[in-house]
Amino acid sequence: MANSQDKFDRRAFVANVARCASVLGIGGTAAWAALKDHTPESLRESNETRWQIDPDKCTACGNCETHCVLDLSAVKAMQFFKMCGYCDVCTGYFPTSGYELDSGAENELCPTGAVIRNHIENKAGVRYFEYTIDEPRCVGCGKCVEGCALMNGSLYLQIRHDRCVNCNECAIEAACPAQAIRRVPADDPYLLKKTARDILGKGSEDA
Amino acid sequence: MRRLPRNFIPILAVICVAACAVVFVDFGGTVASASAEGPPIPLPEFTEYKIPDNDFSEQITKETGSSLKREYLDLGALVVGILLASLFALVIRSRRGLLLLAVVSLAWLGFWREGCVCAIGAIQNVTLAVANPDYAIPAVVLAFFTIPLISTLLFGRTFCAAVCPLGAIQELVALRPVKVPKWLDHALGLFAYVYLGLAVALAATGTAFLICRYDPFVAFFRRTGDTNMLIFGGCFLLLGVFVARPYCRYLCPYGALLGILSKLSWRHLKIPPTDCINCRLCEDSCPYGAIDEPTVDQSLDKRPQARRRLVCLLLLLPPLIGGGALLGIMCEKPLGQLDPTICLAEEVRADIAKQEAAADDTTADVDVPEEEITDTLDAFRTTGPTVEKLFEQAAEKSNMLRTAGGWLGAWIGLVLGIKLIHLSIRRKRTDYQPVRANCVSCGRCFWYCPNETDIQRLVPIQTADTNTTREEQ
């Protein structure tokens with residue numbers, strides 16, 4: 001009886017040691033993950049991240065439209081108006097050949113007619129048009145972005161965070177040929193082109 | 001970017017010239033500013049029209065605030081869920097309560113929160129945070145990783161029973177479970193550890209989040225997703241009708257972690273509420289094969305043989321680990337196929353080789369045929385770093401993957417060795433016990449125990465029946 005009691009104690013002791021080791025292991029891993037190269041103050045809401053497209057790297061390949069897990073991609077085209085030339089002949093609105101200068105559907109580059117062309121004014125014989133994105137219609141195919149890149153590049157793609165479900169692994173990030181998608185802080189989840197930042201005088205953001 | 005049509009260059013030239021000539025800013029200034037910083041066509045000055053701002057800040061703060069609040073709510077739900085599940089499994093012993101809880105957490109963490117944030121995926125976030133100083137882990141994700149681990153150390157895998165949405169959906173579809181043969185169960189169970197190792201290796205090197213990529217049920221939770229993943233998940237659910245919880249038992253990397261901790265749990269679900277009467281009624285109740293029957297005493301003359309076997313297996317452990325590590329190091333290439341940088345570097349290298357070959361062969365067309373330029377290559381040429389830098393990055397990544405592969409191989413060797421040793425160790429058992437590593441505390445066995453039916457009055461005419469059964473025993 002005494003012998004079996006001894007044996008029981010030994011087993012319990014080993015189990016207790018293993019328990020302590022597990023607790024230390026879990027706690028240690030958690031602490032390391034949380035505190036490594038970070039101050040404790042940074043261990044808060046600021047650690048939340050969102051996925052975003054770096055517009056300077058984006059090549060508007062069209063993967064955003066098809067690879068997002070949502071039926072209608074979370075990616076939408078955006079217009080940075082202060083970079084726009086308000087051109088009459090907009091390469092983001094019209095295809096590169098075979099079009100007439102009006103907003104007939106057959107003349108539009110956008111497959112869903114999501115780029116809206118509005119006349120602003122005539123000045124010195126030049127017509128100026130404003131181009132805006134009708135977001136509900138935009139499917140994020142990037143055709144306008146590809147076209148606009150030929151000129152000013154004021155149109156660019158962004159992941160809209162009112163739509164994005166913030167997957168732990170972003171499906172379009174995995175499919176992006178330019179590796180343009182990365183995690184950005186959740187409190188500032190939109191990226192601008194470098195030119196746009198220069199215009200706004202925001203300087204360089206984190207690399 | 002797709003290749004542009006041939007007639008494009010003249011058109012572009014015409015547009016550029018027209019635009020530049022018509023715009024009333026002086027010509028030299030425009031060109032200078034275009035070449036330096038600003039866009040090629042300057043912003044016009046309008047008389048009335050005000051140029052809109054692109055300021056998302058208002059929208060951002062609103063939406064981040066709400067999502068954070070929601071995440072803390074999820075955290076609360078997780079803690080309450082685990083406590084309730086432990087209560088149902090260990091104290092109240094109510095299978096109905098566990099099922100109800102499973103439905104609630106499936107609805108909440110699964111369908112409402114769409115499967116993210118999730119303890120299983122959090123393994124990768126924690127790994128990445130440990131390995132990569134640039135990635136800071138959100139507090140909620142860290143809590144989702146640690147809380148179920150701690151609770152398992154206290155109460156066993158009650159998290160799996162009714163809180164984890166992936167477990168819950170499989171628990172609910174397991175309608176006609178069959179018994180998986182022990183040998184197959186043991187063998188398939190090893191995949192979870194391999195998957196864990198692979199996921200950690202790939203997350204640590206920043207290559208991919210494998211667990212999330214191949215999460216079979218998240219497409220159901222979101223009610224949308226990749227067709228292949230929907231089919232994959234559908235197959236898992238269909239399989240889950242007959243083989244209970246196939247993902248939890250044979251793939252779930254978090255389940256593998258929890259299984260180890262569950263062995264050490266402070267309290268664990270018991271099959272009989274009182275003493276076991278060895279009636280054998282619960283024997284077939286567990287669809288997960290997680291009930292150990294009492295052992296038959298080993299005959300004395302077999303003991304030396306068993307001891308020899310154990311010594312052999314113990315001696316086999318170091319070679320298994322070493323061999324695994326060697327094999328793992330050699331797996332650098334297949335692992336590299338998952339890494340975008342290495343793939344890109346290979347593509348660029350092949351492209352350069354092809355161009356060189358074309359340049360050497362003067363009779364051939366020097367240009368690379370257009371259709372062979374992929375999106376990746378095109379993106380690299382327009383926005384990527386220099387070729388040397390890319391090769392440098394790829395080599396660095398390759399090195400990391402070689403190391404990770406070595407560790408992964410060693411881990412697989414260790415898992416194999418420990419499994420063999422574990423199988424050859426005999427523990428004496430006098431009653432029916434849950435296999436702590438595999439038991440997910442689902443509570444199916446409760447109803448099979450005559451003691452339970454006595455206590456909970458589940459069977460109204462039980463006295464006569466159970467007495468006869470006991471006498472027969």
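Rules used throughout
- Once a new chain begins, its residue numbering starts again from 1 and follows that chain's sequence as written.
- Lettering of chains starts at A and numbering of ligands starts at 1, both following the order in which they are written.
- For this predicted model, a pLDDT threshold of at least 70 governs which residues receive local features, and a threshold of 80 or more governs which side-chain atom pairs are given and counted, while totals over whole chains, interfaces and linings are taken from all residues.
- Starting at the N terminus, helices and strands are each numbered in turn, a helix being any DSSP run of H or I of at least four residues and a strand any DSSP run of E of at least two.
- Once C-beta atoms are placed from the backbone, each residue is buried if 20 or more other C-beta atoms lie within 10 Å of its own, exposed if 12 or fewer, and partly exposed for counts between those two.
- Once C-beta atoms have been placed from the backbone, residue pairs whose C-beta atoms lie within 7 Å are recorded as contacts.
- One requirement defines pairing of two strands: DSSP has to find at least two bridges between them.
- An expected span of 1.5 Å times one less than the residue number is assigned to each helix.
- Axis angles are defined between N-to-C directions and span 0 to 180 degrees, where every axis is a line fitted to C-alpha atoms and, for a helix, only to the segment in contact.
- Each angle gets one of four labels, with under 35 degrees taken as roughly parallel, over 145 as roughly antiparallel, 65 to 115 as roughly perpendicular, and the rest as oblique.
- The handedness criterion is simple: a crossing whose near helix is rotated anticlockwise from the far helix by less than a right angle is left-handed, and one whose near helix is rotated clockwise is right-handed.
- Three classes are used: nonpolar for Ala, Val, Leu, Ile, Met, Phe, Trp, Tyr, Cys and Pro, charged for Asp, Glu, Lys and Arg, and polar for all others, with Gly counted as polar.
- A residue's pLDDT is simply how confident the predictor is in it, with values from 0 to 100.

Participant: Just checking my understanding: could you explain the overall build of chain A for this structure?
Facilitator: Looking only at helices and strands, one finds five helices and six strands in chain A. Ordered by position from the N terminus, the helices and strands of chain A form the series α-β-α-β-β-β-α-β-α-β-α. Taken over 207 residues, chain A has a buried fraction of 40%.

Participant: Any chance you could explain the overall build of chain B here in plain terms?
Facilitator: Scanning chain B from N- to C-terminus turns up 21 helices and two strands. Residue burial in chain B is summarised as follows: out of 473 residues, 38% are buried. A separation threshold of at least 6 residues defines the contact pool for chain B, and within that pool the share at least 24 residues apart is 81%.

Participant: Would you explain the pairing of strand β2 (residues 75-79) of chain A in this entry?
Facilitator: Note on strand geometry: in a regular strand, side chains alternate between the two faces of the sheet. All names here are of chain A. For β2, the tally of buried residues reaches five of five residues, placing the bulk of the element in the interior. What you see with β2 is no split at all: V75, A77 and Q79 on one side and K76 and M78 on the other are buried throughout. Sheet analysis places β2 next to strand β5 (residues 155-159), joined by five bridges and oriented antiparallel. For V75, the partnering residue across the bridge sits in β5 and is I159.

Participant: How should the interface of chain A and chain B be read in this particular structure?
Facilitator: Accessible area lost on assembly of the parts is the figure often given for the size of an interface. The interface of chain A with chain B comprises 69 residues on the first partner and 63 residues on the second. If you list the elements that add at least two residues to the side of chain A that touches chain B, you get α1 (2-35), β3 (115-123), β4 (126-133) and α5 (194-200) of chain A.

Participant: Sorry, what's going on with helix α5 (residues 119-131) of chain B here?
Facilitator: For an α-helix, the turn length of 3.6 residues means that residues three or four places apart are oriented alike. Taking 1.5 Å of rise per residue, the 13 residues of α5 of chain B would be expected to cover 18 Å, and the 19 Å separating its terminal C-alpha atoms lies within 8% of that figure. Those residues of α5 of chain B lying buried are A119, I120, G121, A122, I123, Q124, N125, V126, T127, L128 and A129 of chain B.

Participant: Looking at this structure, I do not really get unusual backbone geometry. What am I missing?
Facilitator: Most peptide bonds adopt trans geometry, and most residues besides glycine take a negative phi value. Residues C116 of chain B and V117 of chain B are joined by a peptide bond in cis, for which omega reads 20 degrees. Of note, V117 of chain B is situated in the loop between α4 (95-112) and α5. The phi torsion at Q179 of chain A lies on the positive side, around 50 degrees, for a residue other than glycine. Judged by the 18 C-beta atoms lying within 10 Å of it, Q179 of chain A falls in the partly exposed class. Of note, the phi angle at E114 of chain B is positive, near 60 degrees, even though the residue is not glycine. Classification of E114 of chain B by C-beta neighbours within 10 Å gives buried; the count is 20.

Participant: Would you take a moment to explain the pairing of β3 of chain A for this structure?
Facilitator: Residue and element names in this part refer to chain A. As judged from the eight bridges shared by β3 and β4, these two strands associate in the antiparallel manner. Pairing of N122 across the sheet is with R127, part of β4. Counting the residues that bridge the hairpin from β3 to β4 gives two residues, and of these A124 lies at a positive phi of roughly 50 degrees.

Participant: Can you help me understand helix α8 (residues 165-173) of chain B in this one?
Facilitator: When you tally the buried positions in α8 of chain B, you get seven out of nine residues, the bulk of the element. Residues of α8 of chain B that are buried sit in contact with α4, α5, α7 (158-162), α11 (218-222), α12 (227-242) and α13 (246-250) of chain B.

Participant: It is not clear to me how the packing of helix α15 (residues 303-330) of chain B against helix α19 (residues 387-424) of chain B should be interpreted in this structure. Could you clarify?
Facilitator: A pair of packed helices is characterised by two quantities: the angle between their axes and the separation of those axes. All names here are of chain B. Remark: α15 packs on α19, axes separated minimally by 6 Å, with the N-to-C direction vectors making an angle of 165 degrees. The orientation of α15 relative to α19 falls into the category roughly antiparallel. In this structure, α15 meets α19 at a crossing whose hand is right-handed. For the contact of α15 with α19, the per-class residue count stands at 20 nonpolar, nine polar and two charged.

Participant: How should the environment of L153 of chain B be read in this particular structure?
Facilitator: If you trace the backbone, L153 of chain B turns up in helix α6 (residues 139-155). It is 19 Å that separates the C-alpha atoms of L153 of chain B and I271 of chain B, two residues lying 118 residues apart in sequence.

Participant: Can you walk me through the environment of R280 of chain B in this structure?
Facilitator: Tracing the sequence through the fold places R280 of chain B in the loop between α14 (253-263) and β1 (291-292). A tally of 13 C-beta atoms within 10 Å means that R280 of chain B is categorised as partly exposed.

Participant: I would appreciate a short explanation of the confidence of the model for chain B in the present structure.
Facilitator: The predicted coordinates should not be examined in detail at positions where pLDDT is low. All names here are of chain B. For chain B, mean pLDDT is 83; residues scoring 70 or higher make up 82% of the total. Ranking the helices and strands of chain B by mean pLDDT puts α13 first, with 95, and helix α2 (residues 27-36) last, with 38. Per-residue pLDDT stays below 50 along residues 1-5; that stretch engages in nine contacts with residues further than four places along the chain or on separate chains. Confidence drops under a pLDDT of 50 for residues 20-36, and excluding neighbours within four residues, the segment shows 14 contacts in the predicted structure. Of the two predicted TM-score estimates for the complex, the pTM is 0.85 and the ipTM is 0.84.

Participant: Where do I start with the environment of G384 of chain B in this structure?
Facilitator: When you line up the elements, G384 of chain B lands in the loop between α18 (375-383) and α19. Sequence separation of G384 of chain B and K428 of chain B is 44 residues, and the distance between their C-alpha atoms is 64 Å.

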